[in-house]
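# Examining the three-dimensional arrangement
Below are the chains, spelled out letter by letter.
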Amino acid sequence: MLQLDNVTKVYKVGAFGGKTFTAVDGVSFDVRSGEVVSLIGESGSGKSTIGRMILGLTPVTGGSITVDGVPVRAGKEYYRHVQGVFQDPFSCYNPVFKADRVFQLIKESYYPEVSRADWDERVRAAVRDVRLDPGQVLGRYPHQLSGGQLQRLLIARALLLELKLLVADEITSMLDASTRIDVLNLLAELKERGLGVLYVTHDLSLGTYLAERTVVLRHGTVVEMGLTEKVFGDPLHPYTRQLLAAVPRLHAPWEDAGPATDCRYHAGGASGGLFEAEPGHFTACAGLADCPR
Ligand code: ATP
Ligand code: MG
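The rules behind the values
Residues numbered from 1 in each chain as written. Chains lettered and ligands numbered in written order. Predicted model: local features only at pLDDT ≥ 70, side-chain atom pairs only at ≥ 80, totals over all residues. Heavy atoms only, no water. Helix = DSSP H or I, 4+ residues; strand = E, 2+ residues; numbered from the N terminus. Buried < 20%, exposed > 50% of the residue type's maximum accessible area, 1.4 Å probe, protein only. Areas by Shrake-Rupley, 256 points an atom, 1.4 Å probe, with all protein chains shown as cover. Near = heavy atom within 4 Å. Polar contact = N/O pair within 3.5 Å; in protein donor to acceptor, adjacent residues only side chain to side chain. Salt bridge = Lys/Arg side-chain N within 4 Å of Asp/Glu carboxyl O. Phe/Tyr/Trp six-rings, centres within 6.5 Å; stacked < 30°, edge-to-face > 60°. Lys NZ or Arg CZ within 6 Å of the ring centre and 35° of its normal. Core = buried A, V, L, I, M, F, W, Y, C linked by side-chain atoms within 4.5 Å. Contact = heavy atoms within 4.5 Å. Axes fitted to C-alpha atoms, helices over the stretch in contact; angles between N-to-C directions. Parallel < 35°, antiparallel > 145°, perpendicular 65-115°, else oblique. Left-handed = near helix turned anticlockwise from the far one by under 90°. Nonpolar A, V, L, I, M, F, W, Y, C, P; charged D, E, K, R; others polar.

- The name an unreviewed UniProt entry gives the chain is ABC transporter ATP-binding protein, with Planomonospora alba as the organism.

## Focus: the overall build of the chain
- Counting its regular elements, the chain contains 9 helices and 13 strands.
- For the chain, with 293 residues in total, the buried portion stands at 49%.
- Accessible surface for the chain amounts to roughly 13,600 Å². Of this, 51% is attributable to carbon and sulfur atoms.

## Things to note about the site of ligand 1
- Neighbouring ligand 1 are 14 residues; Ser-43, Gly-44, Lys-47, Ser-48 and Thr-49 lie closest to it.
- Lys-47 is positioned such that a nitrogen or oxygen atom in its side chain is 2.7 Å from an oxygen atom of ligand 1.
- For ligand 1, whose free accessible area comes to 640 Å², the fraction covered by protein is 63%.
- Those elements that provide at least two residues to the shell around ligand 1 are strand 1 (2-13), strand 2 (19-31) and helix 1 (47-54).
- Broken down by element, the residue count for the shell around ligand 1 peaks at 3 residues, all from helix 1.

## Points about the pattern of salt bridges
- Counting across every chain of the model gives 12 salt bridges.
- For Asp-30, the salt bridge is made with Arg-32, and the minimal N-O distance between the two is 3.8 Å.
- Taken together, the shared-partner salt bridges in this structure form one network comprising Asp-30, Arg-32, Glu-35 and Arg-213.

## So, the packing of aromatic side chains
- Under the definition given, this model contains 2 aromatic pairs.
- When the ring of Tyr-78 is compared with that of Tyr-79, the centres are 5.7 Å apart and the planes differ by 85°; the resulting orientation is edge-to-face.
- Judged by relative accessible area, Tyr-78 falls into the buried class, the value being 1%.
- Judged by its relative accessible area of 25%, Tyr-79 falls in the partly exposed class.
- Seen in terms of ring centroids, Tyr-111 and Trp-119 are 5.5 Å apart; in terms of plane orientation they differ by 35°. Their pairing is tilted.
- Directly above the aromatic system of Tyr-111 lies the positively charged group of Arg-80, at a separation of 5.7 Å from the ring centroid.
- The positively charged end of Arg-101 is found above the aromatic ring belonging to Phe-97, 3.8 Å away from the centroid.

## Examining the environment of Ala-211
- Position of Ala-211 among the secondary structure elements: in the loop between strand 8 (196-200) and strand 9 (213-218).
- In this structure, the C-alpha to C-alpha distance between Ala-211 and Glu-35, residues 176 residues apart in sequence, is 7.1 Å.

## Some details on the nonpolar core
- Core analysis: the biggest nonpolar cluster contains 42 residues, and Phe-103, Trp-119, Leu-153, Leu-166 and Leu-187 have the highest contact counts within it.
- Among the elements of the structure, helix 3 (101-110), helix 4 (116-129), helix 6 (147-159), strand 7 (165-169), helix 7 (177-192) and strand 8 are those that each provide at least two residues to this core.
- A per-element tally of this core places helix 6 first, with 7 residues.
- Among all residues touching Phe-103, those that are not within four sequence positions of it are Trp-119, Val-123, Val-127, Leu-138, Leu-153, Ala-156, Arg-157 and Leu-160.
- Of all hydrophobic cores here, the second largest spans 39 residues; its members include Met-1, Leu-2, Phe-29 and Ile-50.

## Quick notes on the side chain of Thr-240
- Residue placement: Thr-240 occurs in helix 9 (residues 238-245).
- A distance of 2.9 Å separates the side chain of Thr-240 from the side chain of Glu-224, its partner in a polar contact.
- Non-local contacts of Thr-240, meaning those with residues more than four positions away in its chain, are made with Val-216, Val-223, Glu-224, Val-231 and Pro-235.

## Brief notes about the environment of Val-70
- If you trace the backbone, Val-70 turns up in strand 5 (residues 70-71).
- Val-70 sits in the buried class, given a relative accessible area of 16%.
- When sequence neighbours within four positions are dropped, the list of residues in contact with Val-70 reads Ile-65, Glu-77 and Tyr-78.

## Some thoughts on the packing of helix 4 against helix 6
- Relative to each other, helix 4 and helix 6 sit at 130°, their axes nearing to 8 Å. If you check the angle between helix 4 and helix 6, you find them oblique. As for the relative orientation of helix 4 and helix 6, their crossing is right-handed in sense. The residues of helix 6 that touch helix 4, namely those facing Ala-126, Val-127 and Asp-129, are Leu-153, Ala-156 and Leu-159.
- Here the contact of helix 4 with helix 6 is composed, by residue class, of 5 nonpolar, no polar and 1 charged.

Shown next as structure tokens:
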């Protein structure tokens, strides 16, 4: 459903342009309907940049992003199928308006023909779908709601569209443990309904368990991807091993892992810099130091 092909993002940096920074470099992966894919990697590895490109919030420099064949540049036709939820739910609301204004904006953009009464009923149904009481949350200002409630309202807003893909970027990191479980259960429900979810996180202990597949990002490139149980259970790339070993201190420098010496997978044939070590389990050449390529 979601398809990234050789996607690159180059940011211009510095006051007078000229300098550039490649945050994402030739990334390809897909998300199927009814599947959660987690995108993991240390801080600065390019996870949010990928999420923002998928959501059309920042332009793609190279390569292509499509949802069921519709490219992100198609605009409305694409956005009605793709929505995002972010780490800080407060920043998605304007504090001077009631929180349910986000629903009104969806109606104005996408469903101008729907009557007010029908729309209100749809909104209440979506709010109940995220296990909130419409009577309690609708009509309130953002500061009168909790982070978890605002987060769930954003998911409810997404449900009002003909959603195929939800991009969830660090959505659980601000929430307390029990609210976090609620939000994760909600994602599991969306998956049951056939939505695809891209779950962006560096919180490897929670959430990733929802994901069938995991994509590991390092310095803007995919170093490993495959079934979550394989990637976590038998990581092929030294960076993945380091990431998993460093769960309580994710920002340890990469160099700590020591240089990889042998390249077990080089013989497997290359595809976008990744080798299919086992069916469906890809890794970058694990022995870059010695790899003659
Ligand atoms: P975190 O886990 O901390 O959220 P991330 O993997 O989401 O990290 P990104 O936010 O995608 O990382 O950033 C990737 C790189 O791109 C970083 O080095 C960052 O400094 C850089 N970057 C992000 N946004 C911009 C921008 N607008 N202009 C220039 N560089 C940027
Ligand atoms: Mg980020």
